[in-house]
Amino acid sequence: DGGITQSPKYLFRKEGQNVTLSCEQNLNHDAMYWYRQDPGQGLRLIYYSQIVNDFQKGDIAEGYSVSREKKESFPLTVTSAQKNPTAFYLCASSPNGGSVNLYGYTFGSGTRLTVV
Amino acid sequence: AQSVTQLGSHVSVSEGALVLLRCNYSSSVPPYLFWYVQYPNQGLQLLLKYTSAATLVKGINGFEAEFKKSETSFHLTKPSAHMRDAAEYFCAVSGYTGGFKTIFGAGTRLFVKA
C-alpha cells in the first residue's frame, strides 16, 4: 500500500544536538511538506518542496533545515538553533506542487520530539 | 489573505446525536476547503474536500460538509455520532494568492459520551 513513513515515532534530544527526522513516500507525489503541531495551535508550516532539488521556507523555518535529493525522501533536521523544538512533527505530501492545493494532503503518522 | 476559524476548541455530544463542527474562513480568492481528522498520536487523514463543484460534499465515515459562500462557512456534520468519531478535527483552506498557502484551523476536539 502507498503511503508516507515517518521515523522514528518518538525521539529524544539533548540540548545542543542536531537531530534528523525521516520522511519517505511511495505515492509518486511531487510535493512534500513538514509541519509542526503544538497543542491548541493547529499546524504550522516549516518547509515545503514542490519538486526534487528545490525547497522553500514556510512560516517557521528558523532552526530547521531540509533536503530533497530524491522524490521519495524529504528529511528534516532540527538544529541546536531551534529554541523550542519539543513538538509533534508531521510530514505530508500531495500530487501537485502548484500554488493551490486541490487534492488535499496525505500525512505520515508523525514523530514526537522531546528535548531532555 | 486567508484565515480559518474553528468555533469551539472542544465539542461534546452523546452517542447517536448530531455532530456539528463549525468552520469559518476568510479568503480573497475562491477557496478550496478541507476537513481532516486526527486520532491520538497519529497523522491527519482527509475526510472531505470542496473544490468548487457541488456545495454539499460527502466524505468518509458518514461525514459531510456544506460550502456556504454567503456565510463564509464550511461546517462539518454527521447525523449520528459513534464512539469511534472521538478525535480532533481540522478545517483547512487553500487558494491562489500569488504563492503557496494552505492554512489550518486550530482544531476542534470531539468527545462522544456513551
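Keep in mind that this is a model prediction, so the values were computed, not measured.

Draft legend 1. Summary view of the nonpolar core. With 27 residues, the main nonpolar core has Trp35(B), Leu48(B), Leu76(B) and Tyr89(B) as its most contacted residues. The set of elements that each furnish at least two residues to this core consists of β2 (10-14), β3 (19-26), β4 (32-38), β5 (44-50), β7 (64-68), β8 (73-78), β9 (87-94) and β11 (108-113) of chain B. When sequence neighbours within four positions are dropped, the list of residues in contact with Tyr89(B) reads Gln6(B), Leu21(B), Trp35(B), Tyr36(B), Val37(B), Leu47(B), Phe63(B), Leu76(B), Gly107(B), Thr108(B) and Leu110(B). Formed by 19 residues, the second largest nonpolar core is a distinct cluster that contains Leu11(A), Trp34(A), Ala61(A) and Cys91(A).

Draft legend 2. Up close: the environment of Asn61(B). Residues and elements named next belong to chain B. The residue Asn-61 is located in the loop between β6 (56-58) and β7 in this model. A relative accessible area of 41% places Asn-61 in the partly exposed class. For the pair Asn-61 and Tyr-36, spaced 25 residues apart in the sequence, the C-alpha separation amounts to 12 Å.

Draft legend 3. Spotlight on the packing of aromatic side chains. Under the counting rule described, the total for this entry stands at 16 aromatic pairs over all chains. Between Tyr35(A) and Phe104(B), the aromatic rings sit 5.3 Å apart at their centres with planes inclined by 80 degrees, giving edge-to-face as the arrangement. Linking Tyr35(A) in strand β4 (residues 31-37) with Phe104(B) in strand β10 (residues 102-104), this pair reaches from one chain into another. The exposure class assigned to Phe104(B) is buried, which follows from its relative accessible area of 9%. Plain terms: the ring middles of Tyr64(A) and Tyr89(A) are 5.9 Å apart, the flat faces sit at 65 degrees to each other, and that makes the pair edge-to-face. Of the two residues, Tyr64(A) is situated in strand β7 (residues 64-66) and Tyr89(A) in strand β9 (residues 87-94); the sequence distance between them amounts to 25 residues. Residue Tyr64(A) is classed as buried on the basis of its relative accessible area of 5%.

Draft legend 4. View of the environment of Phe104(B). Along the backbone, Phe104(B) and Cys91(B) are 13 residues apart, and their C-alpha atoms lie at a distance of 5.9 Å. If we ignore the near neighbours within four places in the chain, the residues touching Phe104(B) are Tyr35(A), Leu43(A), Tyr105(A), Phe107(A), Val4(B), Tyr36(B), Leu44(B), Phe90(B), Cys91(B) and Ala92(B).

Draft legend 5. Structural view of the pattern of salt bridges. Residue and element names in this part refer to chain B. Tallied over the entire structure, the rule returns six salt bridges over all chains. With a shortest N-O distance of 2.8 Å, Lys-58 and Glu-64 are connected by a salt bridge. Residues Asp-85 and Lys-78 are paired through a salt bridge, measuring 2.9 Å at the closest nitrogen-oxygen approach. Assessed through its relative accessible area of 6%, Lys-78 is described here as buried.

Draft legend 6. Spotlight on the state of the cysteines. All names here are of chain A. Scanning the entire structure with this criterion turns up two disulfides over all chains. Linked covalently through their sulfurs, Cys-23 and Cys-91 form a disulfide whose S-S length is 1.9 Å. The disulfide joining Cys-23 to Cys-91 has a torsion of about -75 degrees about its S-S bond and is therefore left-handed. Of this pair, Cys-23 sits in strand β3 (residues 19-25) while Cys-91 sits in strand β9, placing them 68 residues apart in sequence. You can call Cys-23 buried: its relative accessible area is 1%. According to the relative accessible area criterion, Cys-91 is buried, its value standing at 0%.

Parameters at a glance
Residues numbered from 1 in each chain as written. Chains lettered and ligands numbered in written order. Predicted model: local features only at pLDDT ≥ 70, side-chain atom pairs only at ≥ 80, totals over all residues. Heavy atoms only, no water. Core = buried A, V, L, I, M, F, W, Y, C linked by side-chain atoms within 4.5 Å. Buried < 20%, exposed > 50% of the residue type's maximum accessible area, 1.4 Å probe, protein only. Helix = DSSP H or I, 4+ residues; strand = E, 2+ residues; numbered from the N terminus. Contact = heavy atoms within 4.5 Å. Phe/Tyr/Trp six-rings, centres within 6.5 Å; stacked < 30°, edge-to-face > 60°. Salt bridge = Lys/Arg side-chain N within 4 Å of Asp/Glu carboxyl O. Disulfide = S-S within 2.5 Å.

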